[in-house]
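# Chain and residue survey
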Amino acid sequence: MLRTALAFKLNAFVTIAPGTWPALTRNVDALFSLAGLFAIAFVAATILPAQSEAALVGLLVLGKQSPILLIVVATIGNVLGSAVNWALGRWIERFRQRRWFPVGEKALDRATGWYHRWGRWSLLLSWAPVVGDALTVTAGVLREPIWSFLLLVTIAKAGRYILLSVITLGVM
């Protein structure tokens, strides 16, 4: 009787009664999977190699979270990662000739050519592997305003994740 009246205190703000641990662990698992998806999507949009699509498909197949929530989390992470590329391009373009510069000379020249030809609309290809990263860096180098950058990149990244989700869930 005394045992059921006791509660385990995690900290000063959270009290967990006996028998509620399974629900708590499900919530923690969901939180960690969403945080992991966000982190992978963020890294995948930067110059570092990662596969956010694989993480999204895996979580969709598990079916433990809302597909809409997964798409939103992946999109936010991926767009913020692209914003890092934009910032890199905006402030370190003067180091373009250095070996450590985040985008290769050929990829940056190709992206710059597309950017000059198609303008900001080329950012709709920011979802594409390899060239997408170069386009987001190029947008920073060429001083694309952040508002239009974020709008177009969000459309591109969300569109890719929505299409991937529809294909994944349609196959199941």
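Predicted model only: the values in this text are computed from it and were never measured. (Residues numbered from 1 in each chain as written. Predicted model: local features only at pLDDT ≥ 70, side-chain atom pairs only at ≥ 80, totals over all residues. Heavy atoms only, no water.)

## Looking at the pattern of salt bridges
Applying the stated criterion across every chain yields a total of two salt bridges. Salt-bridge contacts for Glu53 lead to Arg160; the nearest nitrogen and oxygen are separated by 3.1 Å. Of this pair, Glu53 sits in helix H3 (residues 52-62) while Arg160 sits in helix H7 (residues 146-171), and the two are 107 residues apart along the sequence. The partly exposed category is assigned to Glu53, whose relative accessible area is 24%. In this structure Arg160 comes out as buried when scored by relative accessible area, which is 14%. Note that Glu144 and Arg120 form a salt bridge whose closest N and O atoms lie 2.8 Å from each other. Of this pair, Glu144 sits in the loop between helix H6 (131-141) and H7 while Arg120 is found in the loop between helix H5 (105-118) and H6, placing the two residues 24 residues apart along the sequence. (Salt bridge = Lys/Arg side-chain N within 4 Å of Asp/Glu carboxyl O. Helix = DSSP H or I, 4+ residues; strand = E, 2+ residues; numbered from the N terminus. Buried < 20%, exposed > 50% of the residue type's maximum accessible area, 1.4 Å probe, protein only.)

## Details of H5
An α-helical turn contains 3.6 residues, so a residue and the one three or four places further along point in the same direction. Helix length check: H5 (14 residues) gives 20 Å between terminal C-alpha atoms against 20 Å at 1.5 Å per residue, within 8%. Burial in H5 covers these residues: Ala107, Leu108, Ala111, Thr112 and Tyr115. The arc that holds every buried residue of H5, seen down its axis, measures 135°, which confines them to one face. Exposed and facing more than 90 degrees away from the buried side of H5 are Lys106, His116 and Arg117. Contacts made by the buried residues of H5 are with H6. Two residues or fewer after H5 comes Gly119, characterised by a positive phi angle close to 70°. (Expected span 1.5 Å × (residues − 1). Arc of directions from axis to C-beta. Contact = heavy atoms within 4.5 Å.)

## Quick look at the packing of H3 against helix H4 (residues 67-92)
Close contact between H3 and H4 brings their axes to 10 Å; oriented N to C, the two are set at 165°. Judged by the inter-axis angle, H3 sits roughly antiparallel to H4. Taken as a pair, H3 and H4 cross one another with a handedness that is right-handed. Counting all contacts with H3, which are made through Ser52, Leu56, Leu59 and Leu60, the residues of H4 involved are Pro67, Leu70, Ile71 and Asn78. (Axes fitted to C-alpha atoms, helices over the stretch in contact; angles between N-to-C directions. Parallel < 35°, antiparallel > 145°, perpendicular 65-115°, else oblique. Left-handed = near helix turned anticlockwise from the far one by under 90°.)

## Topic: H6
Within H6, 11 of the 11 residues are buried, which leaves it mostly tucked inside the rest of the structure. Just beyond H6, the residue with positive phi is Arg143, at close to 60°.

## Thoughts on the packing of H4 against H6
Where H4 meets H6, the axes come as close as 6 Å, and the angle between the chain directions of the two elements is 45°. As judged from the angle between their axes, H4 and H6 are oblique. The chirality of how H4 crosses H6 is right-handed. Where H4 abuts H6, its residues Ser82, Asn85, Trp86, Gly89 and Arg90 lie against Asp133, Thr136, Val137, Ala139, Gly140 and Val141.

## Here's the deal with a nonpolar patch on the surface
Together, Trp121, Leu124, Ile146, Trp147, Leu150, Leu151 and Ile155 line one region of the surface with nonpolar side chains, adding up to about 710 Å² of accessible area. Tracing the chain through its elements places Trp121 in the loop between H5 and H6. For Trp121, a relative accessible area of 57% puts it in the exposed group. (Patch = residues over 30% accessible without salt bridge, like charges linked within 9 Å, V, L, I, M, F, W, Y side chains within 5 Å. Areas by Shrake-Rupley, 256 points an atom, 1.4 Å probe, with all protein chains shown as cover.)

## Section: the packing of aromatic side chains
Following the criterion strictly, the structure yields three aromatic pairs and no others. Relative to Trp91, the ring of Trp86 has its centre 6.0 Å away and its plane inclined at 85°; by these criteria the two rings are edge-to-face. Note on Trp86: relative accessible area 10%, which makes it buried. Judged by its relative accessible area of 54%, Trp91 falls in the exposed class. Ring geometry for Trp86 versus Phe149: centroids 6.2 Å apart, planes at 40°, classification tilted. One end of the pair, Trp86, is in helix H4; the other, Phe149, is in helix H7, with 63 residues separating them in the sequence. By way of ring pairs, the aromatic residues Trp86, Trp91 and Phe149 are connected into one cluster. A cation over a ring is seen here: Arg160 above Tyr161, with NZ or CZ 4.3 Å from the ring centre. (Phe/Tyr/Trp six-rings, centres within 6.5 Å; stacked < 30°, edge-to-face > 60°. Lys NZ or Arg CZ within 6 Å of the ring centre and 35° of its normal.)

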